[in-house]
Amino acid sequence: GAVVSQHPSRVICKSGTSVKIECRSLDFQATTMFWYRQFPKQSLMLMATSNEGSKATYEQGVEKDKFLINHASLTLSTLTVTSAHPEDSSFYICSGARQSLSTDTQYFGPGTRLTVL
Amino acid sequence: AQKITQTQPGMFVQEKEAVTLDCTYDTSDQSYGLFWYKQPSSGEMIFLIYQGSYDEQNATEGRYSLNFQKARKSANLVISASQLGDSAMYFCAMREGITGGGNKLTFGTGTQLKVEL
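As the structure is a computational prediction, the values presented were derived from the model and not from experiment.

### Some remarks on the overall build of chain B
Okay, step 1: Regarding its fold elements, chain B presents zero helices and 12 strands.
Okay, step 2: In chain B, the order of α-helices and β-strands from amino to carboxyl end is β-β-β-β-β-β-β-β-β-β-β-β.
Okay, step 3: Along the longest, intermediate and shortest principal axes, the C-alpha atoms of chain B span 40 × 30 × 25 Å.
Okay, step 4: Considering chain B as a whole, with its 117 residues, one finds that 49% of them fall into the buried category.
Okay, step 5: A sequence separation of at least 24 residues applies to 56% of the contacts in chain B between residues at least 6 apart.
Okay, step 6: Of the roughly 5600 Å² that chain B leaves accessible, carbon and sulfur atoms contribute 47%.
Okay, step 7: Looking at chain B, you have 10 positive and 12 negative side-chain charges, and the mean spots of the two groups are 3 Å apart.

### Side note on the interface of chain A and chain B
Okay, step 1: Between chain A and chain B, the residue contacts involve 22 residues of the former and 22 residues of the latter.
Okay, step 2: Summing both partners gives a buried area of about 1600 Å² for chain A against chain B, and 57% of it is carried by carbon and sulfur.
Okay, step 3: Scanning the region where chain A abuts chain B turns up one salt bridge.
Okay, step 4: One salt bridge in this structure joins Lys104(B) and Glu59(A), with 3.1 Å as the shortest N-O distance.
Okay, step 5: Where chain A meets chain B, there are five residue pairs in polar contact (both at pLDDT 80 or more).
Okay, step 6: Sorting the residues of the side of chain A that touches chain B by element identifies β4 (32-38), β5 (44-51) and β9 (90-97) of chain A as the ones contributing at least two each.
Okay, step 7: When residues of the side of chain A that touches chain B are assigned to their parent elements, the largest contribution, four residues, is made by β4(A).
Okay, step 8: Here the side of chain A that touches chain B is built from residues that sort into 10 nonpolar, 10 polar and two charged.

### Examining the sheet that holds strand β1 (residues 4-7) of chain A
Residues and elements named next belong to chain A.
Okay, step 1: Taken in spatial order, the four strands make up an open sheet running β1-β3-β8-β7, and their pairing is antiparallel. With partners counted over all chains shown, the strands left at the sheet margins are β1 and β7 (67-73), one partner each. For this sheet the average axis-to-axis angle between neighbouring strands, irrespective of direction, equals 15°.
Okay, step 2: The pairing of strand β3 (residues 19-25) with strand β8 (residues 76-81) spans six bridges and is classified as antiparallel. Opposite valine 19, over in β8, you have valine 81 as the bridge partner.

### Some words on the pattern of salt bridges
Residues and elements named next belong to chain B.
Okay, step 1: As enumerated under the stated definition, the model contains five salt bridges over all chains in all.
Okay, step 2: The salt bridge partner of lysine 73 is aspartate 26, with a shortest N-O separation of 3.7 Å. Highlighted residues: lysine 73 in the loop between β8 (64-69) and β9 (74-79) and aspartate 26 in strand β4 (residues 24-26), separated in sequence by 47 residues.
Okay, step 3: Note that aspartate 86 is salt-bridged to arginine 63, the shortest N-O span being 2.8 Å. Placement of aspartate 86 in the loop between β9 and β10 (88-96) and of arginine 63 in the loop between β7 (60-61) and β8 is noted, with a sequence separation of 23 residues between them.
Okay, step 4: The class of arginine 63 is partly exposed, set by a relative accessible area of 22%.

### Remarks on the state of the cysteines
Residues and elements named next belong to chain A.
Okay, step 1: By the definition in use, this model includes two disulfides over all chains.
Okay, step 2: With no disulfide partner, cysteine 13 has as its closest neighbouring cysteine sulfur the one in cysteine 94, 18 Å distant.
Okay, step 3: In this structure cysteine 13 comes out as buried when scored by relative accessible area, which is 10%.

Basis of the calculations
- Residues numbered from 1 in each chain as written.
- Chains lettered and ligands numbered in written order.
- Predicted model: local features only at pLDDT ≥ 70, side-chain atom pairs only at ≥ 80, totals over all residues.
- Heavy atoms only, no water.
- Helix = DSSP H or I, 4+ residues; strand = E, 2+ residues; numbered from the N terminus.
- Buried < 20%, exposed > 50% of the residue type's maximum accessible area, 1.4 Å probe, protein only.
- Contact = heavy atoms within 4.5 Å.
- Areas by Shrake-Rupley, 256 points an atom, 1.4 Å probe, with all protein chains shown as cover.
- Lys, Arg positive; Asp, Glu negative; His and termini not counted.
- Charge placed at Lys NZ, Arg CZ, Asp CG, Glu CD.
- Buried area = accessible area lost by both parts, 1.4 Å probe.
- Salt bridge = Lys/Arg side-chain N within 4 Å of Asp/Glu carboxyl O.
- Polar contact = N/O pair within 3.5 Å; in protein donor to acceptor, adjacent residues only side chain to side chain.
- Nonpolar A, V, L, I, M, F, W, Y, C, P; charged D, E, K, R; others polar.
- Pairing = 2+ DSSP bridges.
- Axes fitted to C-alpha atoms, helices over the stretch in contact; angles between N-to-C directions.
- Disulfide = S-S within 2.5 Å.

Dropping the structure here:
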């Protein structure tokens, strides 16, 4: 199977600081990457979809100036939570998809738990 | 718009027994893909099984099988011979299009499965 890594796995930061989360596809080229947010005991909520080399498409209600997404290469996407506040504390999960014509599933990273104090 | 419904917030099953996790979906598309994922307490999303809307046979992967009833718009997951390691949250998801690995997934609310001795 295809492997996606995320870094860091856990981060604690002070309110007002920015946090960057990296998502890497280790053994395949991810033409599309997705960023999800998950609150405890809830489902995954898609935040944005990014294609390599183009701007991310954000879901309704997600602030694009707060959650900056960069998909710089076919193996790396980053999510930056700018001026984080306690309500941004959540579990953030990325996934990568191989090809637009593929029947493949998305391959998920292990997630990043963000705690904002 | 696509919608996934999982009506069982929690399920219990005894070790070695079979268990069925329910999933119904709503879509106006003719081409779509259905997925099941397992999320243990560690948070990673593990892909279990995939069913395409035109597949005539039910998908099977080891102890997992998908009971696909297209007319009823249901895609129930059957886990046979449950093991303690099967205790986790299970999510049903749908993707627009048979192919289109880069198309976004819509997730259900999940079912927490607990396997007991």
